[in-house]
2 protein chains.
Amino acid sequence: MKRTVFFISDGTGITAEAIGHSLLSQFDGIELKMITKPYINSIEKAQLIVEQINQAAELDGVRPLVFETIVNQEVSQSLKKSNGFFLNIFSTFLSSLATELNTKATGSVGKTHSISNNYVDRIDAINFALDNDDGSRTRFYDRADIILVGVSRSGKTPSCLYMAMQYGIRAANYPITDEDLEEGKLPAPLRDYKHKLFGLTIDVDRLVSIRNERRSNSKYASYAQCQFETKEVEALFRRENIPSVNSTYYSVEEIAARILASQNITRRF
Amino acid sequence: MKRTVFFISDGTGITAEAIGHSLLSQFDGIELKMITKPYINSIEKAQLIVEQINQAAELDGVRPLVFETIVNQEVSQSLKKSNGFFLNIFSTFLSSLATELNTKATGSVGKTHSISNNYVDRIDAINFALDNDDGSRTRFYDRADIILVGVSRSGKTPSCLYMAMQYGIRAANYPITDEDLEEGKLPAPLRDYKHKLFGLTIDVDRLVSIRNERRSNSKYASYAQCQFETKEVEALFRRENIPSVNSTYYSVEEIAARILASQNITRRF
């Protein structure tokens with residue numbers, strides 16, 4: 001049986017999605033059709049959504065789940081006239097939080113993700129990640145919060161960009177090459193920054209498949225080459241005492257959170 | 001009065017933070033000290049957190065707020081022995097959701113952000129954004145979901161990377177230069193893809209300040225130049241019927257959500 005899920009917000013919908021995904025990940029074997037409706041900030045817009053919820057209920061033969069984070073109570077109430085099953089974090093938690101804080105909610109919308117002092121830190125961090133990607137520049141490692149190291153295509157760039165975007169962390173990355181591994185030593189530009197290094201490892205099969213998408217049937221993408229590099233880089237990390245995480249099993253969110261949890265890095269937001 | 005806020009999770013903590021930030025953005029004038037504790041997945045780890053919560057309560061003279069998303073009920077219960085004010089989305093919503101779905105929660109941790117089929121789409125999209133950044137490559141615009149256009153430093157690159165990371169959208173971007181604006185025509189590489197174009201505008205003062213950080217006291221960063229470019233690019237967008245958003249007032253999350261809401265783009269996750 002298919003079930004439609006609505007994420008409805010007067011802002012971007014990101015919080016509603018995060019809550020919904022977290023809760024729904026606790027249930028197996030249900031086919032879900034997910035629909036996000038951001039910027040629902042008027043009764044007129046809410047009424048259009050009511051129709052869509054009711055249509056989905058009729059089509060599915062079961063009422064849709066609605067994860068809703070609308071601040072305005074009138075808009076929120078007019079949505080509730082639909083045939084949906086509602087979970088609303090504002091109406092559930094806001095009044096008890098107001099009591100605890102001994103103050104009133106302001107009722108303003110979408111301040112979480114609005115432009116703030118974070119803006120400059122975030123753009124700086126993204127630019128830092130781009131300018132110091134893949135060993136392209138190494139002279140500003142004194143400014144880096146962390147330097148990710150690993151073989152080519154082990155997931156360094158997306159992890160650096162995510163840390164910049166989510167936490168404002170200045171993350172550089174440096175590829176460990178074939179030649180570095182044959183020498184068995186840390187590349188020279190890294191030696192003064194050992195305390196900032198964090199390793200990414202990857203399973204051979206995954207690496208073979210990723211490299212084949214870029215350069216198929218090359219030596220670079222061969223099983224033997226990938227096996228050599230993954231094995232040697234792990235040995236290097238052990239010898240040099242570089243902490244690491246295997247990117248085969250974790251998303252960039254998880255890689256970033258694990259790095260933060262294990263290193264002494266201060267988030268900028 | 002300072003108030004400590006804990007975000008505690010058995011996963012990355014991203015959902016707990018999203019919920020907490022959303023709710024707390026509804027209250028003004030409270031000084032908050034925020035602490036995230038990810039991967040709290042055992043009673044031993046929970047007990048260490050209990051001490052930290054109690055210490056903060058004593059130091060602040062008021063109990064901390066605790067936004068908690070721990071699946072395991074034993075771990076969650078042992079945390080509750082602390083002197084904190086708890087908001088827990090699992091204990092609040094999970095049982096009513098289970099009743100509605102007529103099934104039981106699995107109790108497994110952190111599946112939301114785990115590696116899944118999204119992985120390939122996401123990495124593809126990030127690589128697409130990097131390879132097609134700043135007009136560096138234009139021959140794959142047929143593969144792009146969207147092409148952001150705007151003057152240099154109007155926020156195109158971070159917006160493209162965010163859309164790739166969050167939604168798996170393949171977003172290219174192309175800078176509109178001085179010369180393009182003097183000619184008053186769309187640059188040639190964009191003309192076949194008008195339906196994919198989305199504009200970013202920016203206020204003169206903001207642009208002056210951003211450009212000065214990159215190349216201070218240059219013609220590029222001068223008020224006259226920035227004024228010319230911002231005015232002309234807005235005129236170009238109007239003439240060519242290119243929808244746009246002003247990046248001065250919105251975060252990358254909001255820019256991305258607004259583009260998705262206004263364009264007919266299919267998210268990959």
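Residues numbered from 1 in each chain as written. Chains lettered and ligands numbered in written order. Predicted model: local features only at pLDDT ≥ 70, side-chain atom pairs only at ≥ 80, totals over all residues. Heavy atoms only, no water.

Some points on the nonpolar core
Move 1: Counting residues in each nonpolar core, the largest one holds 48 residues, and the members touching the most others are Ile146(A) and Ile146(B).
Move 2: Non-local contacts of Ile146(B), meaning those with residues more than four positions away in its chain, are made with Met163(B), Ile169(B), Arg170(B), Ala171(B), Ala172(B), Lys196(B), Phe198(B), Ile259(B), Gln263(B) and Ile265(B).
Move 3: Residues Leu94(A), Ala16(B), Phe67(B) and Leu94(B) belong to the second largest nonpolar core, which totals 38 residues. (Core = buried A, V, L, I, M, F, W, Y, C linked by side-chain atoms within 4.5 Å. Buried < 20%, exposed > 50% of the residue type's maximum accessible area, 1.4 Å probe, protein only. Contact = heavy atoms within 4.5 Å.)

Some thoughts on the UniProt feature "binding site: ADP" (unreviewed entry) in chain A
Move 1: Taking the numbering used here, the UniProt-annotated feature "binding site: ADP" (unreviewed entry) corresponds to Gly150(A), Val151(A), Ser152(A), Arg153(A), Ser154(A), Gly155(A), Lys156(A) and Thr157(A).
Move 2: For Ser154(A), the location among the structural elements is in the loop between strand S5 (146-150) and helix H6 (156-167).
Move 3: The exposure class assigned to Ser154(A) is buried, which follows from its relative accessible area of 1%.
Move 4: Within the local environment of Ser154(A), its side chain forms a polar contact with the backbone oxygen of Val151(A), the two atoms lying 2.7 Å apart.
Move 5: Assignment of secondary structure puts Thr157(A) in helix H6.
Move 6: You can call Thr157(A) buried: its relative accessible area is 18%.
Move 7: Apart from residues no more than four positions distant in its own chain, Thr157(A) is found in contact with Asp133(A), Asn173(A) and Leu130(B).
Move 8: Within the structure, Thr157(A) has its side chain in polar contact with the side chain of Asp133(A) (distance 2.8 Å). (UniProt positions renumbered as here; feature names shortened; annotations may be inferred. Helix = DSSP H or I, 4+ residues; strand = E, 2+ residues; numbered from the N terminus. Polar contact = N/O pair within 3.5 Å; in protein donor to acceptor, adjacent residues only side chain to side chain.)

Concerning the sheet that holds strand S7 (residues 197-201) of chain A
All names here are of chain A.
Move 1: Read across the sheet, 4 strands follow the order S6-S5-S7-S8 without closing on themselves; strand pairing throughout is parallel. Of all strands in the sheet, those with a lone pairing partner are strand S6 (171-175) and strand S8 (244-246), marking the two edges. Strand-to-strand twist in this sheet, taken as the mean axis angle between neighbours without regard to direction, amounts to 25°.
Move 2: As paired strands, S5 and S6 are joined by 5 bridges and run parallel to one another. Bridge pairing in S6 places Gly-150 opposite Pro-175.
Move 3: H6 rests against S5, S6 and S7 of the sheet, and its axis sits at about 175° to S6.
Move 4: Sitting on the sheet, helix H10 (residues 252-262) touches S5, S7 and S8, and the angle it makes with S7 is about 145°. (Pairing = 2+ DSSP bridges. Axes fitted to C-alpha atoms, helices over the stretch in contact; angles between N-to-C directions.)

Points about the relation of the copies chain B and chain A
Move 1: The transformation that overlays chain B on chain A combines an axial shift of 0.0 Å with a rotation of 180°, and the residual RMSD is 0.0 Å. In symmetry terms, the pair is related by a two-fold rotation axis.
Move 2: The share of interface residues of chain B whose copies in chain A are also at the interface is 100%, consistent with both copies meeting through the same surface. (Least-squares fit on C-alpha atoms with pLDDT ≥ 70 in both.)

Quick word on helix H4 (residues 89-101) of chain B
All names here are of chain B.
Move 1: The end-to-end C-alpha distance of H4 is 17 Å, a good match for the 18 Å that 13 residues give at a rise of 1.5 Å each.
Move 2: Looking only at H4, the buried set comprises Ile-89, Phe-90, Phe-93, Leu-94, Leu-97, Ala-98, Glu-100 and Leu-101.
Move 3: Two or three places before Phe-90, at the start of H4, stands the capping residue Asn-88, its side-chain oxygen 2.6 Å from that residue's backbone nitrogen.
Move 4: One or two positions beyond H4, positive phi appears at Asn-102, with a value near 55°. (Expected span 1.5 Å × (residues − 1).)

Description of the pattern of salt bridges
All names here are of chain A.
Move 1: Counted under the stated rule, the structure contains 21 salt bridges over all chains.
Move 2: We note a salt bridge from Lys-2 to Asp-60, for which the minimum N-O separation is 3.7 Å. Of this pair, Lys-2 sits in strand S1 (residues 2-9) while Asp-60 sits in helix H2 (residues 43-60), and the two are 58 residues apart along the sequence. (Salt bridge = Lys/Arg side-chain N within 4 Å of Asp/Glu carboxyl O.)

Quick look at the sheet that holds strand S8 (residues 244-246) of chain B
Residue and element names in this part refer to chain B.
Move 1: Spatially, S6-S5-S7-S8 is the arrangement adopted by the 4 strands of the open sheet, whose pairing is parallel. Each of the sheet's edge strands pairs with one partner strand only, and the pair in question is strand S6 (171-175) and S8. Here the strands of the sheet are splayed against their neighbours by 25° on average, with no regard to which way each runs.
Move 2: Against the sheet, helix H6 (residues 156-167) contacts strand S5 (146-150), S6 and strand S7 (197-201), and its axis sits at roughly 175° relative to S6.

Details of the interface of chain B and chain A
Move 1: Contacts between the two partners involve 80 residues from chain B and, on the opposite side, 80 residues from chain A.
Move 2: Taken together, both faces of the contact between chain B and chain A bury some 7000 Å²; the carbon and sulfur share is 63%.
Move 3: Three residues, Gln26(B), Phe27(B) and Glu100(B), lead the burial of chain B against chain A; their summed loss comes to 10% of the area buried on that side.
Move 4: Where chain B meets chain A, there are 10 salt bridges.
Move 5: Between Arg214(A) and Asp131(B) there is a salt bridge, and its shortest N-O distance comes to 3.2 Å.
Move 6: Applying the counting rule to chain B against chain A returns 21 residue pairs in polar contact (both at pLDDT 80 or more).
Move 7: When contributions to the side of chain B that touches chain A are tallied by element, the ones reaching two or more residues are helix H1 (14-24), strand S3 (65-69), strand S4 (85-88), H4, helix H5 (118-131), H6, helix H8 (204-214) and helix H10 (252-262) of chain B.
Move 8: If you tally residues by element for the side of chain B that touches chain A, the top one is H4(B), at 10 residues.
Move 9: A class-by-class count of the residues in the side of chain B that touches chain A yields 38 nonpolar, 24 polar and 18 charged. (Buried area = accessible area lost by both parts, 1.4 Å probe. Nonpolar A, V, L, I, M, F, W, Y, C, P; charged D, E, K, R; others polar.)

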